[in-house]
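Understanding the architecture of this molecule
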Amino acid sequence: MYKTVIFDMDGVVTSEEGYWDAAALSVAEFLGYPLDVPAQLRKEFFYDNRIIKLLKERGINSNWDLAYIVIALWNKDAQKLYAELKASEMREDDLYERSAKRLAEKMPLSEAVRGGAYWQAIADSFQEWYNGSHAFEKAYHKPAHGGREGLCKKEVPIVGIPALTETLFALKEKGVSLRIATARPDREARQPLVQWGLIDLMEKGGIISYDMVEKAQNDTGATNLAKPNPYVFIKAYFGETFQDERIISGDFPKDFSDCLVVGDAGADLFAAQKMGADFAAVLTGAAGEEAREYFEKNHANYIVSDITCLPALWS
């Protein structure tokens, strides 16, 4: 049976509500809309979360990218934007290209592309809304707008602390090594686990965050190592000291039969399949129970209601 379990965080361990609120506030800020109640903004920009669900199915795993794509393609009507996206059947690379071309009508293409200056400004806005102005300045050494308390203060596990704790201990008792591979920055990946008293249950060197993805891209010249690229899951499996060059070149053992990846989105599934690991889909993400058909169609090995169901797989 599996000796290693690698968890995505958002929609699996942690709720995504705060992140979606931060994304909606960032969209409103960049489009010049009033900074209204986040729930109302999500309804206005994400068509009652339908756009979030659709983009996740298309391989968009980062809420920075969610905000970037909606800002770039905004046509003043979320329902029409949803219809346009659904009809196009574009996946992540095509969505990034379309967004950059649309933004390049107003700015240099080098600023408009994913990872460019405009994208980074959106990401910074998101981080300030989520972490709060003071924490943002301290962590990123950049000036903040000020007055933003931070949506992260409301974060809770998606299944509750007692159930999450019981689940992780049950897996540890079965001899399973627990690891994390997330699109979150390192601070945001570790902070809730520390706050909930669960950080010591994770394998040392087994928490792989977006900071490590960014470092690997900068150090090696590789592009777009974020999910659905399998880099983060492979890195989590071998540990943070495993050389990035070996992962990128394919110079590593290819047998991941003892590894189970747990995620809630298409990007997680596709990354696990590219890696060659089995995948357990949880129905606690944006689409909820509606995602079952999607995961069945795309050949997830297991589909469970939430992570509390995982220990039963070892029975």
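Residues numbered from 1 in each chain as written. Predicted model: local features only at pLDDT ≥ 70, side-chain atom pairs only at ≥ 80, totals over all residues. Heavy atoms only, no water.

Here the focus is the environment of leucine 31. For leucine 31, the position within the fold is in helix α1 (residues 17–31). Judged by relative accessible area, which is 24%, leucine 31 ranks as partly exposed. Along the chain, leucine 31 and lysine 76 lie 45 residues apart, while their C-alpha atoms are 9.6 Å from each other. Apart from residues lying up to four places away in sequence, leucine 31 is in contact with Phe45, Ile71 and Trp74. (Helix = DSSP H or I, 4+ residues; strand = E, 2+ residues; numbered from the N terminus. Buried < 20%, exposed > 50% of the residue type's maximum accessible area, 1.4 Å probe, protein only. Contact = heavy atoms within 4.5 Å.)

Quick look at helix α9 (residues 133–140) now. Among the residues making up α9, those that are buried are Ser133, Ala135 and Phe136. Seen end-on, α9 carries its buried residues on one side only, within an arc spanning 165°. Counted as exposed and oriented over 90 degrees from the buried face of α9: His134 and Lys138. Contact partners of the buried residues in α9: α8 (117–131) and α11 (186–195). Of the residues one or two after α9, histidine 141 is the one with positive phi, at around 55°. (Arc of directions from axis to C-beta.)

What follows is about the pattern of salt bridges. Opposite charge on two side chains allows them to pair when their charged atoms are near. Inspection of the entire model under this criterion finds 21 salt bridges. In this structure, glutamate 84 and arginine 102 form a salt bridge, with 3.6 Å as the shortest nitrogen-oxygen distance. Note that glutamate 84 is positioned in helix α5 (residues 78–88) and arginine 102 in helix α6 (residues 92–103), a separation of 18 residues in sequence. In this structure glutamate 84 comes out as partly exposed when scored by relative accessible area, which is 27%. Put simply, arginine 91 and glutamate 92 hold a salt bridge, and the shortest N to O gap is 3.8 Å. (Salt bridge = Lys/Arg side-chain N within 4 Å of Asp/Glu carboxyl O.)

Of all seven residues that make up strand β3 (residues 202–208), five are buried, and the element is covered over most of its length. Bridge count for strand β2 (residues 177–181) against β3 is three bridges, and the pairing is parallel. Looking across to β3, one finds that leucine 178 is bridged to methionine 202. Considered for its hand, the β-α-β crossover made up of β2, α11 and β3 is right-handed. (Pairing = 2+ DSSP bridges. Right-handed = clockwise from strand over helix to strand, strands pointing away.)

With parallel pairing, six strands are arranged side by side in an open sheet as β3-β2-β1-β4-β5-β6. Every interior strand has two partners, whereas the edge strands, β3 and β6 (302–304), have only one. In this sheet, neighbouring strand axes are inclined to one another by 20° on average, regardless of whether the strands run parallel or antiparallel. Across four bridges, the pairing between strand β1 (residues 4–7) and strand β4 (residues 259–263) is parallel. Pairing of phenylalanine 7 across the sheet is with valine 262, part of β4. Set on the sheet, helix α13 (residues 231–238) makes contact with β1, β2, β3 and β4; between it and β2 the angle comes to about 150°. (Axes fitted to C-alpha atoms, helices over the stretch in contact; angles between N-to-C directions.)

A separate point is the side chain of aspartate 8. As for its placement among the helices and strands, aspartate 8 is situated in the loop between β1 and α1. According to the relative accessible area criterion, aspartate 8 is buried, its value standing at 3%. At 2.9 Å, the side chain of aspartate 8 and the side chain of lysine 227 are in polar contact. Dropping the residues within four chain positions of it, aspartate 8 is found in contact with Val13, Ala181, Thr182, Lys227, Val262, Gly263, Asp264 and Asp268. (Polar contact = N/O pair within 3.5 Å; in protein donor to acceptor, adjacent residues only side chain to side chain.)

So, about the packing of α1 against α8. Between α1 and α8, whose axes approach to 8 Å, the crossing angle comes to 130°. When the axis of α1 is compared with that of α8, the two are oblique. In the crossing of α1 with α8, the sense of the turn from one axis to the other is right-handed. Across from Gly18, Tyr19, Ala22, Ala23, Leu25, Ser26, Glu29 and Phe30 in α1, the residues of α8 making contact are Tyr118, Ala121, Ile122, Ser125, Phe126, Trp129 and Tyr130. A per-class count over the contact of α1 with α8 returns eleven nonpolar, three polar and one charged. (Parallel < 35°, antiparallel > 145°, perpendicular 65-115°, else oblique. Left-handed = near helix turned anticlockwise from the far one by under 90°. Nonpolar A, V, L, I, M, F, W, Y, C, P; charged D, E, K, R; others polar.)

Before going further, it helps to spend a moment on the nonpolar core. One broad rule of soluble globular proteins: the nonpolar side chains tend to lie buried together. Core analysis: the biggest nonpolar cluster contains 83 residues, and Ile6, Phe46, Leu85, Val261, Met275 and Phe295 have the highest contact counts within it. Discounting chain neighbours no more than four positions away, the residues touching methionine 275 are Ile6, Pro230, Phe233, Ile234, Tyr237, Phe256, Cys259 and Val261. Of all hydrophobic cores here, the second largest spans 27 residues; its members include Phe7, Met9, Leu168 and Leu260. (Core = buried A, V, L, I, M, F, W, Y, C linked by side-chain atoms within 4.5 Å.)

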